[in-house]
Amino acid sequence: MSKCIRFSETFQWFIGFQSSEEETVTVDEFSPLVLTLKEKEFDQFLEELVIDKIEERVRLNVSPEFWAEFYTREDEMDGFKRFRNAVKKLYDRYMHLSLSIKKLELMRLILNVKRTIYGQSNLDETLKLIIRSTLHSQLPIPRYHKIIEDFYKVSFQVFYNSEKAYRDFGVELNESGEDTLQCNGCSAEIDQCKCKSIIEDFHSTNRILIQLELLERLTGEVVTSLLHKQIECHVQDTCKGNFDISYITPLEKWLNTVVVGWLTVLYDSTTNSPLINFKQKLQHLLYETYTRTRIEQLFNIIIEYPDSDPAIEDLRVCLEKTDLRGYLTTKLQRALETRLLHPGVNTPDIITAYVASIRALRQLDPTGVLLETVTQPVRQYLRCREDTMRCVVMSLTEEGPGELADELVRGEEAGGEDNPHNWQEWTPDPIDAHVSKSNKDSRSWDIISMLVNVYGSKETFVNEYRTLLADRLLSQFTYNTEKEIRYLELLKLRFEDSQLHFCEVMLKDVYDSKRINTHLHTDPIFGLSEQEFPLTAMILSAQFWPPFKEETLELPQKIKEHLETYTKAFETLKGNRTLSWKPHLGSVNMDIELKGRTLNLTVSPIQAAIIWYFQEKSQWTIDELSTLLVVSPTVLRRRIAFWQSQGLLREVSSDTFLLVEESGGRVSKTTAVTEMLCEDDETESIMASAHDQREEELQVFWSYIVGMLTNLDSLPPERIHQMLKMFVVASQGPSSAECSLQQLRHFLDRKVREHKLLFSGGFYRLPK
Amino acid sequence: MAQNINPYHRQSATATPPSKTNEESQNRSQDNHAVTKRLQKELMVLMMSGEKGVSAFPDGENLFRWIATIEGPPGTVYEGHVFRLGLEFPHSYPYCAPLVRFTTPCFHPNVDTAGNICLDILKEKWSALYDVRTILLSIQSLLGGEFALGIYSF
């Protein structure tokens, strides 16, 4: 009985939570008791009882108390405080419990027991284990993350800010106006800045957690995700919309000083080994985040290319360290598609962007694989724009600082070929290279040839150039061809002479015309000098010029006589040859004498002819003029509009025009309109457009297709294509444009829509 | 009718056949080339002329065998009918007339049950100046009754 009481007392003493501090038990008092226990073989039993009691305490009080803090939270600061308090309370409890543990330890020391509890021979470790496992068993998923995150976020902000302030300190003492009111670190007013206390709390909390070996378990995940977020934020903040600075070094420095610095503080007393590992991971993460950010901005970077060179360089370095090429390709392609390849963008803009991307990607990936894959849709899209070639040719030859013109002058780059001398530097293609296009020749670096290759053939390009050249030569009506000759020479460096032969002849025509004109005018035999007005001609070799837009125009008799004289003179000079005039092409410089004023204008022949007839009588109807000039009323009306805008003609009643002799006040008002109208006239091409030419070719195909289907009933598109290739191309010569199966299908389907063809079961046939 | 004489035939008639075989085949291929060119050109003319009522096109890849379509001339009993013909060009074309026969049955005094046509320009009155277009137009007018003179001897 008495033994029993004694045991109960001993147990109470061991557990002794309340009065533990006042008690001072010396080893001398203690050891006999322990020895008695040993004697009765109660020691182990007692130990188990005590541990059991502790476990119960932890389970019922400590752990719920700790987690209770995690259930509510107002804001970050609140979360920070809650976590700090929870950890502090936990530590107090731990200290409390460890008193009992110490007594047990003492007993074990005296008895020299080496028994292990939960695999731990040290009882203090056992206590920690109990706390850890109990905490884990009561983990309030998923709330607990939030509070911990708050805690570390706040502390990181403070740290980040202090680091920044430290960095900025040298540069500027008072950063900006806002800072005077609020502390960046703790978002409190500056005179109540809690940064210091926060850092202290942070340190103490971390120390406790490290001591309890809870740090990694409780916070590892949270800290990692927090750091990821912070890195992303920082990268995005730093390099938003700024492409002309390289950010790799500053970012790495930031990572090393701020992030790693913070981690060092966090883990200061633990071993450094996880830190190194962690650092590498973070570095990779930094690169990846940065690369992603840059890729998101890549389209803008490309547009600003020569200025955004550092950004491209950064990206190049980063791409080597990360595995994001595929991501880049898809992202950039999508960006190009959404921002560039839709009807709202002008062709010149697309071409500018294309050129910029060629340049930028060339630097990004010298092998050209990226360029090849990324710009594929752009090329495809440009191919279906009708004015692509025209724009390319125009920007090639236009005056002023055109990028393409510079490129043309620069000449073709010699590089790109495999040099046998540095074969040791050969590297295989990147992994995303297109297998079928393994030959390096196709990946040309030359921007001009890349543009020309949009169409796949140089012929289209040369044809377009020819049209443009013709246009320019005929619209300017000057005999100055030096500039054109220079461009032609430059183009000849890139294209075969034979392709540009036509253009050469055209330029020579202009030059010859000038010579012939001077000759005819200076020599009195030809009688040109006796004419009322001087007439010069542009003599073109019809064979070599692109087809003109056909327009009819009957010139007034007097002018025709002049032309006649000129023709005679020409025939005398060049036996066996004559001239066939294109009356609608040309320019007329004329003085118009009206009551009290004289106008000097340079206009087109049709406009001149219209005003000519107003010499005879001052009022004409559209129909009368139309029959005289052999011009359709619609065209005529447009031309008359020019004279109306000049204030010379007035529409008195519908379709009837009257010459206005006296100048009215209207003239000044309409000058703006005049300019606009004149400009409109000038930009109109006199050449048959490429589109018209193509239509004509397709018309030829259509006649053949009709013939084919009339006699052979129904045919699949492949067979039609084959037959066309056999019979049309063979008979029309190689100059006739080729027609791909794809284009043919397109054309046939159009005819089906127009109800000119029927399509069923893969066969086309004519409707009955 | 000088243009009706094929220079190749005259040459082979005067020369001794065995010694000239090599040259002959060479001649033939050259000839073939000329014939192909001529037929190509005829096809182009025919296609571009947009002739109503008659049409022809090579049957497959062989340029020497064409299929033609003739619509019955309006105002005749043949109006509304469409006739198919086969044209076979000899290698000596255009010095020899092509072989033309109806593939759709045609009831006409100048056409036999096999589709053979009795038309002078396809026989003794053939001239190298004729081409596919004129042949087809002649046959069309034959249906119209203009040439229905010599009744085909069955």
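Everything that follows concerns the structure shown earlier in this document.
Source: prediction; values computed, not measured. Starting from 1, residues in each chain are numbered consecutively following that chain's sequence as written. Both sets of labels track the order of writing: A upward for chains, 1 upward for ligands. This being a predicted model, a pLDDT of at least 70 is required before a residue's local features are given, and a value of 80 or more before pairs of side-chain atoms are given or counted; all residues contribute to the totals for chains, interfaces and linings. As a rule here, side-chain values come from all non-hydrogen atoms in the structure, and water together with hydrogens is ignored.

Undergrad: So what's going on with the interface of chain B and chain A? Residues and values would help.
TA: The interface is formed by 17 residues belonging to chain B together with 17 residues belonging to chain A. Accessible-area loss on putting two parts together, using a 1.4 Å probe and summing over both, is the definition of buried area adopted here. Between chain B and chain A, a total of about 1,500 Å² is buried, with carbon and sulfur atoms accounting for 61% of that surface. The largest share of the area that chain B buries against chain A comes from Q40, F57 and E61 of chain B, three residues that together contribute 37% of it. Counted as a polar contact is a pair of N or O atoms within 3.5 Å, where, for protein atoms, one must be capable of donating a hydrogen and the other of accepting one, and residues adjacent in sequence contribute only when both atoms are in side chains. Our count for the contact surface shared by chain B and chain A stands at 5 residue pairs in polar contact (both at pLDDT 80 or more). Runs of E in the DSSP output that reach at least two residues are strands. Runs of H or I that reach at least four are helices, and both are numbered from the N terminus. For the side of chain B that touches chain A, the secondary-structure elements that each account for two or more residues are α2 (21-49), β1 (54-58) and β2 (65-71) of chain B. The leading source of residues in the side of chain B that touches chain A is α2 of chain B, at 5 residues. Of the residues contributing to the side of chain B that touches chain A, the split by class is 10 nonpolar, 4 polar and 3 charged. Contact criterion: two residues are considered in contact whenever any of their non-hydrogen atoms come within 4.5 Å of each other. Here the nonpolar group is Ala, Val, Leu, Ile, Met, Phe, Trp, Tyr, Cys and Pro; Asp, Glu, Lys and Arg are the charged ones; every other residue, Gly included, is treated as polar.

Undergrad: I'd love a proper account of the environment of R339 of chain A, names of residues and values included.
TA: Residue and element names in this part refer to chain A. Within the secondary structure, R339 sits in helix α13 (residues 325-339). Here the alpha-carbon distance between R339 and F299, two residues 40 residues apart in the chain, equals 8.6 Å. Leave out the neighbours within four places in its chain, and R339 touches F299, N300 and V345. A distance of 3.1 Å separates polar atoms of two side chains, one belonging to R339 and the other to N300.

Undergrad: Tell me about the packing of aromatic side chains, and please be specific about residues and values.
TA: Residues and elements named next belong to chain B. Two rings from Phe, Tyr or Trp (for Trp, the six-membered ring) form a pair when their centres are within 6.5 Å of each other. A pair whose planes differ by under 30 degrees is stacked, one over 60 is edge-to-face, and the rest are tilted. Within the structure shown, the criterion is met by 14 aromatic pairs over all chains. Summarising the aromatic geometry, the rings of F83 and F102 are spaced 5.8 Å apart at their centres and angled 85 degrees between planes, so their arrangement reads as edge-to-face. Of this pair, F83 sits in strand β3 (residues 82-88) while F102 sits in strand β4 (residues 99-102), and the two are 19 residues apart along the sequence. For the pair formed by F83 and F102, the shared burial category is buried. For the ring pair W126 and Y130, a centre distance of 5.7 Å and an interplane angle of 40 degrees mean the geometry is tilted. Relative accessibility under 20% of the residue-type maximum defines a buried residue, over 50% an exposed one, and the middle range a partly exposed one, all with a 1.4 Å probe and only protein chains included.

Undergrad: Tell me about the packing of helix α21 (residues 482-494) of chain A against helix α22 (residues 497-522) of chain A, and name the residues and values.
TA: Residue and element names in this part refer to chain A. Interaxial distance between α21 and α22 falls to 10 Å at its minimum, and their mutual angle equals 170 degrees. Relative to α22, the element α21 is oriented roughly antiparallel. Packed against α21, whose contacting residues are E484, I485, L488, L491 and K492, the element α22 presents D497, L500, C503, E504 and L507 at the interface. The class makeup of the residues in the contact of α21 with α22 is 6 nonpolar, no polar and 4 charged. For helices, the fitted axis covers only the stretch in contact; all axes are lines through C-alpha atoms, and the angles between them, taken along N-to-C directions, range from 0 to 180 degrees. Roughly parallel refers to an angle under 35 degrees, roughly antiparallel to one over 145, roughly perpendicular to one between 65 and 115, and oblique to any angle outside these ranges.

Undergrad: Summarise the environment of T578 of chain A; cite the residues concerned and give the values.
TA: Residues and elements named next belong to chain A. On the secondary structure map, T578 appears in the loop between α23 (557-573) and β1 (588-594). The spatial distance from the C-alpha of T578 to the C-alpha of T567 is 6.6 Å, given a sequence separation of 11 residues. The contacts of T578, once residues within four sequence positions are left out, are T567, F570 and E571. Among the polar contacts made by the side chain of T578, one reaches the side chain of E571 at a distance of 2.4 Å.

Undergrad: Explain unusual backbone geometry residue by residue, including any values.
TA: Leaving glycine aside, a negative phi is the common case for residues, and trans is the common case for peptide bonds. In this structure, the amide linkage connecting Y93 of chain B to the following residue, P94 of chain B, adopts the cis form with an omega of 5 degrees. Among the structural elements, P94 of chain B can be located in the loop between β3 and β4. Look at H755 of chain A: it is not a glycine, yet its phi comes out positive at around 65 degrees. Structurally, H755 of chain A can be placed in the loop between α30 (741-753) and β7 (758-760).

Undergrad: Tell me about the sheet that holds strand β6 (residues 714-715) of chain A, and name the residues and values.
TA: All names here are of chain A. Strand order across the open sheet formed by 3 strands is β6-β8-β7, with antiparallel pairing between neighbours. Sheet topology places β6 and β7 at the edges, where each strand pairs with a single neighbour. Paired strands, in this sense, are two strands between which DSSP finds at least two bridges. Examined bridge by bridge, β7 and strand β8 (residues 763-765) share 3 bridges and lie antiparallel to one another. Of the residues in β8, the one forming a bridge with L758 is R765.

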